[in-house]
Amino acid sequence: MPQNADNVLDHFNLFRQPEYLEMFEKKKKEFENHHPDAEVERVREWAKTKEYQEKNFAREALTVNPAKACQPLGAVFASLGFEQTIPFVHGSQGCVAYYRSHFSRHFKEPTSCVSSSMTEDAAVFGGLNNMIDGLANTYNMYKPKMISVSTTCMAEVIGDDLNAFIKTSKEKGSVPADYDVPFAHTPAFVGSHVTGYDNVMKGIVEHFWNGKAGTAPKLERVPNNSINFIGGFDGYVVGNIREVKRIFESMGVEYTILGDPSDVWDTPTDGEFRMYDGGTKLEDAANAIHAKATFSMQHFSTEKTLPLIAASGQETYSFHHPVGVRATDEFLMKVSEVTGKPISKELTRERGRLVDAIADSSAHLHGKRFAIYGDPDLCYGLASFLMELGAEPITVLASNGGKLWEEKMNQLFASSPFGKNCKAYAGKDLWHMRSLLFTEPVDFLIGNTYGKYLERDTGTPLIRIGFPVFDRHHYHRYPVWGYQGGLNVLVWLLDKVFDEIDRNTNVVAKSDYSFDIIR
Ligand code: SF4
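Everything numeric here is computed off the predicted structure, so don't read it as measured data.

K.L.:
With reference to specific residues and values, describe the site of the ligand.
P.N.:
All residues in the neighbourhood of the ligand are listed as C70, P72, C95, Y98, Y99, T152, C153 and A188. Within the shell around the ligand, the residues separate by chemical class into seven nonpolar, one polar and no charged.

In C-alpha cells form, the structure reads like this:
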C-alpha cells in the first residue's frame, strides 16, 4: 500500500502511485470501451475550429455551462441585507440547500435560509399548509424580526398565491397580524438571480412604503436630504458596502443602505455563532421613502425596484458596477450634485493615487486583450476600466444579458479606440466562450471560478473576478468600488500579468534572459 501514517497522501498524490495507475489503466482497457486516443485528439482539435464555432453558435435548445443562477438565489441575497431577517423560500427544500451552500462556498460563512418544504401532495393541493406551518415554525424557532418570502419554481408552476397565503397564515395565527412578511414571486424560469434580487428588493420596499400588504396605512413621503443606496447582487458586497459607507461618511452624506449583508456574511469567530448581524434596520427601510434620491450601483439588478421608488416622487440614478477612475468620478459627482456635499479631500487624494498607480503600470496593460464574462453590470464596469487602462475587452459575455445590455456595451466600445475590436455576447454560455477563446484568442480571461475549466481547455490565464469564486479565499472582503476598489482590481490584473511573464521566462538558458527582478 502506498499509504504511510507518517506521510499520509491525499488525493493529489495518492492516485499517482503505481498501484492506482495500473488499476485505472486496467479499468479503462477492460470495461470502458473507450475511443482510440487518436480519435479523441481529432475531435478535440475539431472543437477548436471556426467550423465547430458556427455549429456551437447555432444552438437553440441546449445550454452548456451557463454563467447565471436562478431567481431565488438573488432573492435570498436581497433578503439577507435586512436586520434580523430570514429568507423563507416557499417551495421545495432542495433549492434552499443549494442556495445556502452556494453562498457559503463563496463567502466561507454560514448562510441562513428556510424552506416551506413542499412535496408531491402540495403540488396537487397547493402549499397553503406549508406556508401556515412554515411561517409559524420559522417565527418561533429562529426569532427573526422579518421573514422575507420568495418562491421556488415548483410553487410558481402550480400557481400558489403568496399574498393570499400569507394573509391566511396571519389569520391562523402563524405570526402576529402586524408582523413584517414581505414577499415576491421569483420564478426560476424568468431572468436570472439578478431578477430575483430585483423582485425581492421591490417587494420589501413596496411592503414598507405601500401599507404592508393592506395591514397599515401607506406612508406619506416627507422629503429630506438623505439618499438611499442599493448595491445590487454583488459578490464583493462585504468589501464594497464598507467602502461605500466610508465614502459617504467622508463626504458627510446622510444615507441609508437598502440591503446590507456585509456583516452577516463576515461575522467574527469568537465563540458565538451569529445567525443575524447588521443589515438595514426595518425602520430605516420604511423611512427611506423620505429620501431625496435613490442610487443603484447595478442598473440590471434594480430594473423594477427603481421605477417603484421613482413613483414615490424620488429621483433615481443607476450605474453599471462602476470600477476605475472615470466610473467612480461619475458616481461621486452625481452623489455630490444630488446631496450638495463636496467630494472630500481624502477622496480626491485617493483618486490621485489610483491615477498614479495606473501611470506606473500602464506599460504592462496597454494593448492587452481580455475576455470577460459575468453579470451584465459587472461586465460593463470591468470592460470600461480595462479601456481606461488601455486594454481591449475583446469578448464580453453575459448569459443573463439582454438586447439593452448589448446596446449599452456597444455604446461603451464606440466611446474609445480600445473598444474598436470588441464584441458583446448576450444570452450566451461558457461553451460559446470556449469557442471564442480558440478563434479570437485573448491574453487573459476574467470571470468566476467556472472559468478554470476554460483556462484548462484553452490555456487562457484566468483572473478571478466575479461571483462565485469558490476556489480562492477572501476576495469578497476587498472592495472593487471607489478609487480604493479600482486599485484592488488593478493589482489583481497586474499580479496575473506578471505571473504569466515570469512563467514564460523562467526556463533556464532558454528564456531566462527576460526573467527580470524588476518589472
Ligand atoms: S431552478 Fe427551480 S428547482 Fe432549481 S434551484 Fe432554482 S428554483 Fe429550485
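K.L.:
Summarise the pattern of salt bridges; cite the residues concerned and give the values.
P.N.:
If you walk through the whole model with that rule in mind, you get 28 salt bridges. Between D260 and K245 there is a salt bridge; the shortest N-O distance is 2.9 Å. With a gap of 15 residues between them, D260 in the loop between strand 5 (255-257) and helix 13 (282-287) and K245 in helix 12 (residues 237-251) connect regions that are remote in the sequence. You can call K245 partly exposed: its relative accessible area is 23%. D471 is paired through a salt bridge with K452; the nearest N and O atoms lie 2.9 Å apart. Residue D471 is located in the loop between strand 12 (462-464) and helix 21 (482-505), and its partner K452 is located in helix 20 (residues 451-458); the two are separated by 19 residues in the primary sequence. Residue K452 is classed as partly exposed on the basis of its relative accessible area of 34%. Each of R242, D263, D266 and R477 takes part in salt bridges that share partners, so that together they form one network.

K.L.:
Before we move on, can you summarise the sheet that holds strand 1 (residues 85-90) with the specific residues and values?
P.N.:
Reading across the sheet, the three strands line up as 2-1-3 and stay open at both edges, with parallel pairing between neighbours. Two strands lie at the open edges of the sheet, namely strand 2 (114-115) and strand 3 (146-151), each paired on one side alone. Where strand 1 meets strand 3, six bridges bridge the pair, whose relative direction is parallel. Residue P87 lies in a different strand from strand 3, and its bridge partner there is S148.

Here is what the cut-offs are and how they apply
- Residues numbered from 1 in each chain as written.
- Predicted model: local features only at pLDDT ≥ 70, side-chain atom pairs only at ≥ 80, totals over all residues.
- Heavy atoms only, no water.
- Near = heavy atom within 4 Å.
- Nonpolar A, V, L, I, M, F, W, Y, C, P; charged D, E, K, R; others polar.
- Salt bridge = Lys/Arg side-chain N within 4 Å of Asp/Glu carboxyl O.
- Helix = DSSP H or I, 4+ residues; strand = E, 2+ residues; numbered from the N terminus.
- Buried < 20%, exposed > 50% of the residue type's maximum accessible area, 1.4 Å probe, protein only.
- Pairing = 2+ DSSP bridges.

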